[in-house]
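This is what each chain is made of:
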Amino acid sequence: MKFDIYTDGSCLGNPGNGGWAAIISDEKETRKISGSEKNTTNNRMELLAPINALKNIKPGTEIKIYT
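Quick look at the structure, then.

Parameters at a glance
- Residues numbered from 1 in each chain as written.
- Predicted model: local features only at pLDDT ≥ 70, side-chain atom pairs only at ≥ 80, totals over all residues.
- Heavy atoms only, no water.
- Helix = DSSP H or I, 4+ residues; strand = E, 2+ residues; numbered from the N terminus.
- Contact = heavy atoms within 4.5 Å.
- Pairing = 2+ DSSP bridges.
- Axes fitted to C-alpha atoms, helices over the stretch in contact; angles between N-to-C directions.
- Patch = residues over 30% accessible without salt bridge, like charges linked within 9 Å, V, L, I, M, F, W, Y side chains within 5 Å.
- Areas by Shrake-Rupley, 256 points an atom, 1.4 Å probe, with all protein chains shown as cover.
- Salt bridge = Lys/Arg side-chain N within 4 Å of Asp/Glu carboxyl O.
- Buried < 20%, exposed > 50% of the residue type's maximum accessible area, 1.4 Å probe, protein only.
- Expected span 1.5 Å × (residues − 1).

Turning next to unusual backbone geometry. The peptide bond linking N14 to P15 adopts the cis configuration, its omega dihedral lying at 10°. Mapped onto the elements, P15 comes out in the loop between β1 (2–13) and β2 (16–25).

Note that C11 resides in strand β1. Each C-alpha atom of the pair C11 and E46 lies 9.2 Å from the other, and the pair is 35 residues apart in sequence. Residue contacts for C11: discarding those within four places in its chain leaves G16, N17, G18, T40, T41 and N42.

Another aspect to go through is the sheet that holds strand β3 (residues 30–40). Strand order across the open sheet formed by 4 strands is β3-β2-β1-β4, with mixed pairing between neighbours. Bordering the open sheet on either side are β3 and β4 (62–66), each of which pairs with just one other strand. Ignoring strand direction, the axes of neighbouring strands in this sheet form an average angle of 20°. Sheet topology note: the β1/β2 ladder contains 10 bridges and is antiparallel. Opposite C11, over in β2, you have G18 as the bridge partner.

This part covers the pairing of β2. Counted along the chain from β1 to the antiparallel partner β2, the turn is 2 residues long. When β2 meets β3, the two strands line up antiparallel, connected through 9 bridges. Residue pairing for β3: A22 is matched across the bridge by I33. Hairpin remark: β2 followed by β3, antiparallel, with 4 residues in the connecting loop.

On to a nonpolar patch on the surface. On the surface, a nonpolar cluster with roughly 270 Å² of combined accessible area is contributed by Y6, I23 and Y66. Its relative accessible area of 34% is what places I23 among the partly exposed residues.

Helix length check: helix α1 (residues 42–54) (13 residues) gives 19 Å between terminal C-alpha atoms against 18 Å at 1.5 Å per residue, within 8%. Every buried residue of α1 is listed here: M45, L48, A49, P50, N52 and A53. Elements that come into contact with the buried residues of α1 comprise β1, β2, β3 and β4.

These values are about where atoms sit, not about what they do.
Below is the structure:
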């Protein structure tokens, strides 16, 4: 099975309130995951999106990540 992962993160102010999101797609389904944090940075949100997406994928699975 192969997954495509699309991620993004942003922040209002730097530091400030931030959020991240990821779309995880395979041949059968598409899942959306997201989260938010207070007093964070844009860079942190940009990195948390793919990190959390990878936590939803079994090791050894073929993936492509678009950030």
